Structures are given as structure tokens and as C-alpha cells.
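Per-entry structural report
For reference, the chains in residue letters:
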Amino acid sequence: MNIQKSKELFDRAQRSIPGGVNSPVRAFKSVGGNPVFLQSAKGAYLYDVDGNRYIDYINSWGPMILGHAFEPVVEAIQKKAADSTSFGAPTELEVEMAELVKSMVPNVDLVRMVSSGTEACMSALRLARGYTGRNKFIKFEGCYHGHADSFLVKAGSGVATFNIQTVPGVTGGVSTDTLTAPYNDLEAVQQLVAENKGEIAAIIIEPVAGNMGCILPQPGFLEGLRKLCTEEGIVFIFDEVMTGFRLAQGGAQERLKIDADLVTYGKVIGAGMPVGAFGGKLEIMKHIAPLGNVYQAGTLSGNPLAMIAGYTLLSHLKNNPSIYTELEEKGAYLEKGLKVVLQESGIPYVINHLGSMISIHFSEKPVVDFASAASANNALFNNYFHAMLDKGVYLPPSAFETWFLSHALSKEDLDRTIEATKKSLNELAKVSV
Ligand code: HOZ
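Definitions and cut-offs
- Note that residues are indexed from 1 along each chain, following the sequence as it is written.
- Residue-level local features of this predicted model are given only where pLDDT is at least 70; pairs of side-chain atoms are given and counted only at 80 or more, and the full residue set underlies all totals for whole chains, interfaces and linings.
- Think of the side-chain values as coming from all heavy atoms in the structure, minus any hydrogens and water.
- A pair of aromatic rings is counted whenever rings of Phe, Tyr or Trp (Trp by its six-membered ring) have centres within 6.5 Å, and the orientation is called stacked for planes under 30 degrees apart, edge-to-face for over 60 and tilted otherwise.
- Comment: elements are numbered from the N terminus, with helices defined as DSSP H or I runs of at least four residues and strands as E runs of at least two.
- Summary of the burial criterion: residues with accessible area below 20% of their type's maximum are buried, those above 50% are exposed, and those between are partly exposed, where the area comes from a 1.4 Å probe applied to protein chains only.
- Nitrogen and oxygen atoms within 3.5 Å of one another constitute a polar contact, given that in protein one can donate a hydrogen and the other can accept it, and given that sequence-neighbouring residues count only through two side-chain atoms.
- Every residue pair with non-hydrogen atoms within 4.5 Å of one another is taken to be in contact.
- Helix axes use the C-alpha atoms of the stretch in contact, all axes being lines fitted to C-alpha atoms, and the angles between their N-to-C directions lie in the range 0 to 180 degrees.
- These descriptions rest on fixed angle ranges, namely under 35 degrees for roughly parallel, over 145 for roughly antiparallel, 65 to 115 for roughly perpendicular, and the rest for oblique.
- Definitions for this section: a left-handed crossing has its near helix turned counterclockwise from the far helix by less than a right angle. A right-handed crossing has that turn clockwise.
- For each residue, the test is whether any non-hydrogen atom lies within 4 Å of the molecule or strand; if one does, the residue is near.
- Here the Shrake-Rupley method, with its probe set to 1.4 Å, supplies the accessible areas, and only the displayed protein chains count as covering residues.
- Charged residues are taken to be Asp, Glu, Lys and Arg, nonpolar residues to be Ala, Val, Leu, Ile, Met, Phe, Trp, Tyr, Cys and Pro, and polar residues to be all remaining types, Gly included.
- Strands are labelled as partners when DSSP assigns at least two bridges between them.
- Whether a crossover is right-handed comes down to one check: with the strands pointing away from the viewer, does the path from the first strand over the helix to the second run clockwise; if it does, it is right-handed.
- Per-residue confidence from the predictor is reported as pLDDT, which spans 0 to 100.
- Residues with no salt bridge and a relative accessible area higher than 30% make up the patches, which join like charges within 9 Å and nonpolar side chains (Val, Leu, Ile, Met, Phe, Trp, Tyr) within 5 Å.
- The salt bridge criterion pairs a side-chain nitrogen of Lys or Arg with a carboxyl oxygen of Asp or Glu, the two atoms within 4 Å.

**Considerations on the packing of aromatic side chains**
- A complete count under the given rule lists 13 aromatic pairs for this structure.
- Consider the rings of Phe137 and Phe151, whose centres lie 5.6 Å apart with planes at 80°: the pair is edge-to-face. One end of the pair, Phe137, is in strand E5 (residues 136–140); the other, Phe151, is in the loop between E5 and helix H5 (157–161), and 14 residues separate them in sequence. By the burial criterion, Phe137 is buried, and Phe151 matches it.
- Arranged with centres 5.0 Å apart and planes meeting at 45°, the rings of Phe245 and Tyr265 form a pair that is tilted. With Phe245 in the loop between strand E8 (235–239) and helix H9 (251–256) and Tyr265 in strand E9 (residues 262–265), this pair connects stretches of sequence that are 20 residues apart.

**Remarks on the side chain of Lys136**
- Within the secondary structure, Lys136 sits in strand E5.
- When its relative accessible area of 17% is taken as the criterion, Lys136 is described as buried.
- A polar atom in the side chain of Lys136 sits 2.8 Å from the side chain of Asn196.
- Discounting chain neighbours no more than four positions away, the residues touching Lys136 are Asp177, Leu179, Asn196, Glu199, Ile200, Ala201 and Ala202.

**Overview of the packing of helix H2 (residues 71–81) against helix H11 (residues 304–319)**
- Two numbers describe how H2 lies on H11: the axes approach to 9 Å, and their chain directions differ by 150°. Judged by the angle between their axes, H2 and H11 are roughly antiparallel. Here H2 and H11 pass one another in a crossing that is right-handed. For the pair H2 and H11, contact is made by Pro72, Val73, Ala76, Ile77, Lys80 and Ala81 and by Pro304, Leu305, Ile308, Ala309, Thr312 and Leu313, respectively.

**As for the site of the ligand**
- Taken together, the neighbourhood of the ligand is formed by Ser23, Arg26, Trp61, Tyr144, Ser157, Asn211, Met242 and Glu401.
- Between an oxygen atom of the ligand and a side-chain N or O atom of Arg26, the distance comes to 2.8 Å.
- For the ligand, the protein covers 87% of the area, taking 290 Å² as the surface of the free molecule.
- Split into classes, the residues belonging to the shell around the ligand amount to 3 nonpolar, 3 polar and 2 charged.

**Regarding the pairing of E9**
- Burial along E9 is two-sided: the residues Leu262 and Thr264 and Val263 and Tyr265 are all buried.
- Bridge analysis of E8 against E9 gives 3 bridges, and the strand direction is parallel. Residue pairing for E9: Phe238 is matched across the bridge by Val263.
- Handedness of the β-α-β unit built from E8, H9 and E9 comes out right-handed.
- As defined by bridge partners, E9 adjoins strand E10 (residues 276–280) across 4 bridges and the pair is classed as antiparallel. When the bridges of E10 are listed, Thr264 appears paired with Phe278.

**Structural notes on the sheet that holds E10**
- Ordered by their spatial adjacency, 7 strands build an open sheet running E4-E10-E9-E8-E7-E5-E6, and the pairing between neighbours is mixed. Both outer strands of the open sheet, strand E4 (110–114) and strand E6 (178–181), are each paired with one neighbouring strand and no more. Neighbour-to-neighbour, the strand axes of the sheet open up by a mean angle of 20°, direction not taken into account.
- Bridge count between E5 and E6: 4 bridges; the pairing is parallel. Residue pairing for E6: Lys139 is matched across the bridge by Thr180.

**Considering the confidence of the model for the protein chain**
- Residue-level pLDDT values for the protein chain average 97, and 100% of them are 70 or greater.
- Mean pLDDT values for the elements of the protein chain range from 89 in H5 up to 99 in E8.

**Focus: a nonpolar patch on the surface**
- Together, Leu110, Leu282 and Leu291 make up a nonpolar patch on the protein surface, roughly 270 Å² of accessible area in all.
- Its location among the elements puts Leu291 in the loop between helix H10 (282–285) and H11.
- According to the relative accessible area criterion, Leu291 is exposed, its value standing at 61%.

Put into C-alpha cells, the structure is as follows:
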């Protein structure tokens, strides 16, 4: 595959942008090689600056659930832009957006719009602390809740990809209040809560983890956390930045039938524009300024272009529930096909999959937490990534990221992906002999 222009752009980018990218995982540093620079995308396909086409399994890390350049969203943004790109003052559209979100997801009495998933999680944690008057919180190893200081302890995504054990710049003072437990280990959480009785403000979790590959909650785990939070007066926060509006209209809360006290959103809620949101029960949300004193603000919060993009996409999802059934079918078809070729290859593997989130770990044992994800053969994943890219399939450039399916993927695209996996595994087997 010719990626000459991408190579030239990467050289040029590194002279002006740290590492040549505006978000670390994109640099391909852990998988090696040159990142491809993208020109455009439509539906299930990405086109790079050299004119190569790829079937997309990143989908902007989640937002493009209906594929790229979904016409109603593009048209709505174009129309709205003519009325000004920002006011910094209230609009009717923000009210409509909040009402729409409330009508789609459980347990959200009030919702505040922000500009990213990082902001949403950072604000939800501050609110939980302000509401409870407690400082400590529990997060899970390998979960990623954005790059606010408190969360950069044993985090997933790029922090795991680059194996950054301690993030310089995050002070000891901040991180001592961050307690961590292995994903799916209820006993470890119960022990932490017992050791820090009355001091834990919140437990925050990705209900289906997507930042160490895709990892599913084991039966009883989330239920156990919910019970513990209720008993101990701890705010239970679902980080639904990845799962929100994706696993179901009502996200993981609806899909897994677990109630959260606060929920954070990002990605799909903005249809590819910079949007995040946090919301939840009135009792807690009423402490946010200007109702209460837990301060949180943003010049671009509720930005009209971001709101119209999100509103258009969410309305479409709400009015077409069959999209979720079809996404389900596409995910199941892909899993089944991948399993056949992986089985034939003889390479030990684990596929974790729920709805339109899926990933492969080259592992002999179940992948249920960060330790099992990290002990998989991730060097093999890196080679698999490149072999797939060469065949026009764009996977996340790290084993510590979930793949996202879009509704735009056709059966032919899925078949081509399965076939590319078969060929890639054959090539890799030959190299390792
Ligand atoms: N935090 C994203 C993955 N979990 C990466 C975002 C990006 O590089 O765009």
C-alpha cells in the first residue's frame, strides 16, 4: 500500500505538533510504523491522503455509530452554522437536547452539557465529592475516564498502550485520593470500602470497559457495586462515554439493567462534534452551580453546532430502534466469522463482544481485567494490526482499545474483514515459523 503522502505529512507534523499528533494513540507509536493521514470518510469507509480506502472499526473512537458523514447530521450542521457558531448564552436547542437525552436514558433528571468525555467525568467526580463531602474515590485498573489528574492512576487507553506507570505532573497529593481495584473483583472493592469507611465519595466504572480492549462485566459484579454504593452512601458513576447510546438507546444502564446515580456521556452524544455530558439524579445534580456551589462551566458548553449534530443523531437513533437490532446482528456475524478463522489458525485468542463493541486479545486465558489484557500476546496484536491495515481494514492501533462497529458496515464489509483476518493470521504464522 502506498502511503507516501502520509509519511511526508507525519515528518512535517512532528516539526510542529508533539509527536506529530493531537492525541497520543494516533501516532501508531506502540504498533510501530507511520500513521495514515485521513482526507475524508463516508459511511463505513475512510480515505487517506494517498487515496487508499479502509473499512473503519474505530469510527472516531465511537461517535460515528451510523457511519461517517451521515447526511442528516451534515445538513443540520451546515444549516445551523449560518445562525452563528457560538453564543455563550442559552438557546432553545439546548433545552430540546436535554429533554431528548432524558427521554432516552434512565436515571437522568438533570443533564449538563460539556465539551468532552474528560470534562464530563472530571465534573461528575467533583460533584460526587461536593455532594458527599468525601475526597476519595475508587476506579478500576485499565479503565480510562479521560485525562483529568485524578483519573490518571492505573489508567487504560493511551496510558496503558504506552505503559506509563506514573504520569509526571500528576501530584502525589491528587493521586492518593484515587483508589484502584481490578475490574470484575468485587471483593477487592468491598475491602477498599471497609478500609476507608465513610471516606469514599464515588465509585466510577466503564460498565463495559473499552480502554483495555473490550472487557465485559462478569455476572453479579455491577450488581454488587450498586448494592455496596447504596449501603455506604457512595455515588455510583457510570462512565458511558463509550457505551452511551451505543449498547442501547439507554446505554449500559438499560442494556445491563443497572441504575447509576450519575452518568457521563461523550462520543455518540456529539455525533463527532466535541460534546460530553453528565447527568443524574436530582438530589445530586441540584448541587451543581448555579443551583448549588459545585462549580462547573464552559464557554463552548451547549455550542449550537455541537448540539444540532448530537440532537440530529440521537433523534434518528430514537426514531429507528431497529438500528440497535441490526448493529447486534452485525456484531454477532463478525464475532462468528472471526472465531472460525482464528480457530483455524491455531493461535490462542479471546474475543470479547457486546453489541457493537468487540475486540480480539491473543490470549490463552479469559480476559476479564487489566492484568489478563496486559498478559496477552500484544506484540502479535501489533503485527495483526499492520497486516489488516495493509488489507484496507482500519483497527485501533492498540490492543488496549475496543473496536467500534457502525451501522454503515455491510455484510460484504464484514466478510472482507473476516477474510483479511484469515490472510493476516496466515502471513503471521509463516513469519513466526
Ligand atoms: N481516548 C481515545 C481512545 N480511548 C483516543 C482518542 C484519540 O486518539 O482520538
